[in-house]
8 protein chains.
Amino acid sequence: MDFARLDHDRKRRTGFPEVIFCEGKPDEFLVDIYKKMYEREGQVFGTRASEHQYEIVKAALPEASYDKVSRILKVVSTDYKKPELIGEIAVVTAGTADIPVAEEAAQTAEYFGSKVNRVFDVGVSGIHRLLSNVDVLNSANCVVAVAGMEGALASVVGGLVKVPVIAVPTSVGYGANMGGISALLTMINSCANGISVVNIDNGYGAGYIATQINRLAVGYKDEE
Amino acid sequence: MDFARLDHDRKRRTGFPEVIFCEGKPDEFLVDIYKKMYEREGQVFGTRASEHQYEIVKAALPEASYDKVSRILKVVSTDYKKPELIGEIAVVTAGTADIPVAEEAAQTAEYFGSKVNRVFDVGVSGIHRLLSNVDVLNSANCVVAVAGMEGALASVVGGLVKVPVIAVPTSVGYGANMGGISALLTMINSCANGISVVNIDNGYGAGYIATQINRLAVGYKDEE
Amino acid sequence: MDFARLDHDRKRRTGFPEVIFCEGKPDEFLVDIYKKMYEREGQVFGTRASEHQYEIVKAALPEASYDKVSRILKVVSTDYKKPELIGEIAVVTAGTADIPVAEEAAQTAEYFGSKVNRVFDVGVSGIHRLLSNVDVLNSANCVVAVAGMEGALASVVGGLVKVPVIAVPTSVGYGANMGGISALLTMINSCANGISVVNIDNGYGAGYIATQINRLAVGYKDEE
Amino acid sequence: MDFARLDHDRKRRTGFPEVIFCEGKPDEFLVDIYKKMYEREGQVFGTRASEHQYEIVKAALPEASYDKVSRILKVVSTDYKKPELIGEIAVVTAGTADIPVAEEAAQTAEYFGSKVNRVFDVGVSGIHRLLSNVDVLNSANCVVAVAGMEGALASVVGGLVKVPVIAVPTSVGYGANMGGISALLTMINSCANGISVVNIDNGYGAGYIATQINRLAVGYKDEE
Amino acid sequence: MDFARLDHDRKRRTGFPEVIFCEGKPDEFLVDIYKKMYEREGQVFGTRASEHQYEIVKAALPEASYDKVSRILKVVSTDYKKPELIGEIAVVTAGTADIPVAEEAAQTAEYFGSKVNRVFDVGVSGIHRLLSNVDVLNSANCVVAVAGMEGALASVVGGLVKVPVIAVPTSVGYGANMGGISALLTMINSCANGISVVNIDNGYGAGYIATQINRLAVGYKDEE
Amino acid sequence: MDFARLDHDRKRRTGFPEVIFCEGKPDEFLVDIYKKMYEREGQVFGTRASEHQYEIVKAALPEASYDKVSRILKVVSTDYKKPELIGEIAVVTAGTADIPVAEEAAQTAEYFGSKVNRVFDVGVSGIHRLLSNVDVLNSANCVVAVAGMEGALASVVGGLVKVPVIAVPTSVGYGANMGGISALLTMINSCANGISVVNIDNGYGAGYIATQINRLAVGYKDEE
Amino acid sequence: MDFARLDHDRKRRTGFPEVIFCEGKPDEFLVDIYKKMYEREGQVFGTRASEHQYEIVKAALPEASYDKVSRILKVVSTDYKKPELIGEIAVVTAGTADIPVAEEAAQTAEYFGSKVNRVFDVGVSGIHRLLSNVDVLNSANCVVAVAGMEGALASVVGGLVKVPVIAVPTSVGYGANMGGISALLTMINSCANGISVVNIDNGYGAGYIATQINRLAVGYKDEE
Amino acid sequence: MDFARLDHDRKRRTGFPEVIFCEGKPDEFLVDIYKKMYEREGQVFGTRASEHQYEIVKAALPEASYDKVSRILKVVSTDYKKPELIGEIAVVTAGTADIPVAEEAAQTAEYFGSKVNRVFDVGVSGIHRLLSNVDVLNSANCVVAVAGMEGALASVVGGLVKVPVIAVPTSVGYGANMGGISALLTMINSCANGISVVNIDNGYGAGYIATQINRLAVGYKDEE
């Protein structure tokens, strides 16, 4: 693979293994990368994979599995022993259309070893749905708030909890939502405290940060 | 006044008298307009007036009065008999910094004959403040929701009431609020129903529309 | 349906039943939601449906009907008795290309029980077409003004009527229309009073608000 | 003047003498330029001049005169014989706040030898004011339409006349007018034909083009 | 045709017949409109037509003809006698990719009775190509300058001619051209005089205005 | 204080006391709020205060102190016993001009009880300055990265550490930095993991979140 | 070819032959242009070609060759003798997804006679990968830095080398990357010196400029 | 100076000494930095200095000198021996208002040891002024093209010369120039080759890069 420099040192520096962003990778490159990483690590985790990409990777690595909703394409060897999940993260969404991004966040966090509670479809236009779940939010070490359209969910959540809220704007919406820019601006300008924001539709990034915080909260140490 | 064409017909067509937008009007023009309208109508109502403008108008028309917060500059003759206020409008704000715009809305609606209930500083980061005022909102014929920063208030209100919500984004905020564009986008993209939006800081416009709705609700008829 | 939280309380809180936004919903989810709602309510109303979505819903619920222009996908049981339509709303468009959005508004208002008058293709470049319809506008309790390109229609209408104007910018146009942002800005910055704005192409939202106002004007009361 | 290259050839190439854009020019440069041009041409015409600039130019060239509204700073020698004005241009504005830009256009056209009709404060929110002036517009060879806020005036004018409409967006407005960008977009996206647009507040440019068209219409020939 | 209000009065008011903007019109509507107009006028002129639209119109009206480059779809009866072309317009482009928009402008002007000179592929990166055609530009009554990418052509042309320049930004380019917004801004901010601008890719609009000017220049009078 | 609803419940819900955003607050309001809060809590912490605001608060509450760089205006009673600082946060800046925002973050975190390490002026154009401080970053529970201009610092830091990075774009820069939007976009689009973003110049928000994370890392519990 | 004006003089003026931008060129035009240029020059170099374009050109000119990654479509006669490559240019990328743009730059520079060193996948989130290649960068006469997402690579490179850095933002990324605008802004606002920027994905432009600089550095002289 | 980390290594790494960006630096910091650098280097070069900053630096370091046009604030000891200027750079501007930015570029290049030719006020609206200076441009090793408004100058220059063109957009203009963004976009989208762009008003950056190129062209070597 002369086109890619594997960052062998990444796990030592950051505590996390490399993850593949599948979208737009040419077929040959993708299969090659999956094979190389699977050899070295015994498992591969990729995001934003298409069904076509699943098929070509599965042809090369039959252990491959694919989740249509989150678009995560994993390869885990049969003798791989899942780590016990630690701590607790809550992932909430405003609507059902935000679920794919939320699942990317949740499954990323689970892959990295965090326990996840899902609280979906609790948007602010029916505020009682969120309020009746405040206890779930407060038992988490970090809340991931996923919302498109006007993205107001993050602000309300931020005013209800003690822990950091990672806000994920989504591209869900139409017209003046400008592909998610509107929700992003809402979250960046939030009047509530404790909210920080990742890129539009970046469920993976939110799952990563939530795990960092969750690890700190449970006193997790790397084995190296 | 050869520079301005007074719209004598406006009251008949729209049911509302003309109002002066004072900001940026040169001194001589402004005084002239106030004098002409006062002669003809017996009262003048102007918005976005500065203290300096108050002084020059007061010099010409001693009945002039000025409200620092809303920046409304009124001239009402002493024998003018206030109309009885009809119906009910609720004006809510997210924060204290939104009050000037809210007062412009409230006092405009009152000038046009509507009764107004004020519910200020009930932003979504402390959601209980809003929830404990739901009854006030529900007794109104129209709710004016005034908010800057991320403007999430409108969405939560929209999900709680039966009546139309006029959302007023304000320029309150900093950084990526882009002078109120962020709050405007939030409100335009709201996931809640029943929300329509006016220009940034346009309290006057909201008070006008709220009165139109309020008049319809109480079966108000023009006298002409 | 563990992916969606039905808002059973919505009708009581807001006076309106839930409506399905079909665009982008996965096939299985959509059919499931239509079936659940049809069971519970005896009727379902969905917007922005594709012909494909119509086919799969019809396969499950033969009472389904679809309007190509407005893209509304309804299911109404044969023994459902239409409510009498109350009050009056006017829906006007600038051009013929704005009709799909206008029909979404009109049919939404009709579904919610409002009588609707349609006045299409009366854009301001041929102003006499609008002026000859002023009486129709003035007999309504609310005017919905639908326009793309530069969206000037709303301002002219606003200066002609006593009732609130709900302005709906459309994505009709090309080049610097930026997918409807241009028309949205025009309407938000209108020099006329009595105009409030909803999202680009949001006919549904306009039909909803127009009905809220229409109900207030005729003294409509919920039965519960 | 080693900092500026006078374009001696301009009159021959374009038919128009050079004009000074005063805004932002340092004091010494400005006076120097006025003096050089006055020597060579016997008259100087500058736009966007401040009162301070008027004072320093007047100190050097006592023939200088200044118009506060249009901000035009002229120097014309006492023995200069005004050319007879030819043809006809109409300059219309939406509001009184647009008059400074309109006067820049009108006085520029007059300086270049065109006869100008002014029709001010005929914005579309009171459409009868414009309609009662259609004859004035139709007798002109070119209409300059000046409007801020949502700038809808240009579209209505475009649908009423046979001659080209030069649309001038102004920065008049607030909030989402974005310094005039909103009016510019409205005019560029106009549904009416025959409309072309110049920069925000560019009255000078509109007066120049209107004169080009007016000259063509009357068969004007340069003397050279 | 209850969906469209034909503007019978347009020719009298503006001097130009109605033209069909084909893009996005549903098949049945389009054929219907072509048939109705052909009946009434004996000729129909449509812009932005697809090949599919050509086929369905031709099936109904065999006299239909289509130009692939300009995408103009005309129907002219065999006994229609072309008017003699009057005056002169120059249409220049920066590159070959701008030709489709330029042809829309040129053929529109020709349809409206103007004589057109084409000067294509004379972009400013090889300035001698433009300079060697200055005489052609100067013999015209109006120059239409068509350019994408950075759109600098208009400014250079503006400095070389006496007549009005109608600048047409095109969507040609990539990256930061933002679909033509970059060229539009260039032209609006031009340092040269005599330039006014129409919408991105709006060849039709430029051909219309150029004809208005050309008619004024040759003293053309409507027959009615 | 009928203009403001004190959120008495906030400390219980979120674990943090209320903080005053001073910018733009009218003088009387500000002094009033400081006095009320000082009475109730024994200490007040305000951000973005001007020197003038310091003077009027000091006149009412002589214990007031002000830091010119961070613009923090504190009132702490003399018998107030500072809590012991816990855990560790690192605050890094790209340049010296970013220090005011960084100090707002650092002093906020200290006020909320966190120990802070400052690492200033380590921008990426001299990358060795940052690399020689990696150990300091790695000993922290959270890194706050403050940068204006192109904001590249956050990405490099994100690739070097195990803990969450709170990125704070600043308005430092000129031209195409668009008041900090450029740095905000850089940070939102970061290719590095573990980075989440707050509003432009929002040092306070970053200090708040960093403290939330720091508290989780040291197992901090509220006393109530 | 009456649609295109070949710039015969270009090589003399600028030192470089004409290059074909293939994207969007109609089939017949493209083949025609390739044939004409091949006849005259004995070689043709085209960028942004599709596989389809390769096929139709190859059908006409069997010597045609195509590189899928860079999308360069070359025709070189078999007796063409490649010039010796001179000097040295370094092309670096942040990620593997940036390679197509980088190859366009590298192969353009090679076509124009420059020696190129490729250093791919050295993004700043793993800074050691770049630092271990500083010697390669410093041996070049010019560095081309290609990066999408947040584009921070250019700033770090700029702080490490003596020679000019040509920064190429790419459209790689998603969400708030806005098609590459984010990376473009990052590079334009860079805190490092010696960085200038070309259009998004403009590998060709960077290869051209890098060759200009490389030629100057080795004292290259045109033969004419 | 504990607030700033002097980059002692910069000269060795990049070949250029540190330069002070004065704008916005607090008085004490600025004087301190000037003193420290003067001690160490014997000379200091600062850009964007105000007259006030000149006064306070002069009070501390009487050798200080200031140029009002370029706003450069230099301190050079009396026994400092200017290096001989090498090679040749051309700096061209579109208008006189662009001269301050051009002088910043020119004087920066001269400070770094380059010979500079100035060609001012040769904007494209009078193209002959530029064409009569082509020889000056062609004798340079690098051309710096400085232009505001629509910024078309860079494209024309790029088509006339063999050497790299560094394009500097300026904030000169009004209305839709958006503080220079318009000129920036023009230059980034240029149809001409050999053009790369720096930030708006960034004369310093252009002078730096031009010197890098000039040094390569003359075979300059650092002494260390």
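Residue numbers here run from 1 along each chain, matching the order of that chain's written sequence. Here chains are named by letter from A upward and ligands by number from 1 upward, in the order in which they appear as written. Where local features are concerned, this predicted model is filtered to residues with pLDDT of at least 70; where side-chain atom pairs are given and counted, the filter is 80 or more; whole-chain, interface and lining totals use all residues. Values shown for side chains rest on all heavy atoms present in the structure; no hydrogens or waters enter the calculation.

A. Spotlight on the packing of aromatic side chains. When the centres of two rings from Phe, Tyr and Trp lie within 6.5 Å, Trp using its six-membered ring, the rings pair. Their planes under 30 degrees apart give stacked, over 60 give edge-to-face, and anything left gives tilted. In this structure the tally under the stated criterion is 72 aromatic pairs over all chains. Between B:Tyr111 and B:Phe112, the aromatic rings sit 5.6 Å apart at their centres with planes inclined by 50°, giving tilted as the arrangement. The rule is simple: take the accessible area with a 1.4 Å probe, protein chains only, and divide by the maximum for that residue type; under 20% is buried, over 50% is exposed, in between is partly exposed. Using a relative accessible area of 15% as the deciding quantity, one classes B:Tyr111 as buried. Through a chain of ring-to-ring contacts, three or more aromatic side chains come together here, namely A:Phe16, A:Phe45, A:Tyr111, A:Phe112, A:Tyr204 and A:Tyr208.

B. View of the relation of the copies chain F and chain A. In this comparison the copies share one frame, found by least squares on the C-alpha atoms of residues holding pLDDT of at least 70 in both. Superposing chain F onto chain A takes a rotation of 180° combined with a translation of 0.0 Å along the rotation axis, leaving an RMSD of 0.0 Å. Taken together, the rotation and translation describe the operation of a two-fold axis. The contact definition used throughout considers only heavy atoms, calling two residues in contact when any of these lie within 4.5 Å. With an isologous cut-off of 70% or more, the 100% of interface residues of chain F that recur at the interface of chain A puts this contact in the isologous class.

C. A look at the domain arrangement of chain A. All names here are of chain A. Domain boundaries shown here were taken from an automatic or database domain assignment. Taken domain by domain, chain A comprises domain 1 (10–76) and domain 2 (86–218). Taken residue by residue, the interface counts 15 residues in domain 1 and 16 residues in domain 2. When two parts are brought into contact, each loses some accessible area as probed by a 1.4 Å sphere; the total of that loss over both is the buried area. Here domain 1 packs against domain 2, burying approximately 1300 Å² in sum over the two surfaces, 62% of which is carbon and sulfur. A per-residue breakdown of the area domain 1 buries against domain 2 is headed by Phe16, Phe45 and Arg48, which together make up 42% of the total. When a carboxyl oxygen of Asp or Glu lies within 4 Å of a side-chain nitrogen of Lys or Arg, that pair is called a salt bridge. The tally of links between domain 1 and domain 2 comes to one salt bridge.

D. Looking closely at the interface of chain F and chain G. With 23 residues of chain F at the contact, the number on the chain G side is 23 residues. Approximately 1900 Å² of surface area, both sides summed, lies buried where chain F meets chain G, with 69% of it carried by carbon and sulfur atoms. Viewed at the interface, chain G and chain F are joined by zero salt bridges. Here a polar contact is taken to be a pair of N or O atoms separated by no more than 3.5 Å, where protein atoms must pair a possible hydrogen donor with a possible acceptor and residues adjacent in sequence count only if both atoms sit in side chains. Linking chain F with chain G are 13 residue pairs in polar contact (both at pLDDT 80 or more), by the criterion used here. To qualify as a helix, a DSSP run of H or I must reach at least 4 residues; to qualify as a strand, a run of E must reach at least 2; elements of each kind are numbered from the N terminus. Mapped by element, the contributors of at least two residues to the side of chain F that touches chain G are α7 (153–158) and α8 (181–188) of chain F. Broken down by element, the residue count for the side of chain F that touches chain G peaks at four residues, all from α8(F). By the convention adopted, Pro, Cys, Tyr, Trp, Phe, Met, Ile, Leu, Val and Ala count as nonpolar, Lys, Arg, Asp and Glu as charged, and the other residues, Gly among them, as polar. Looking at the side of chain F that touches chain G residue by residue, the classes come out as 14 nonpolar, eight polar and one charged.

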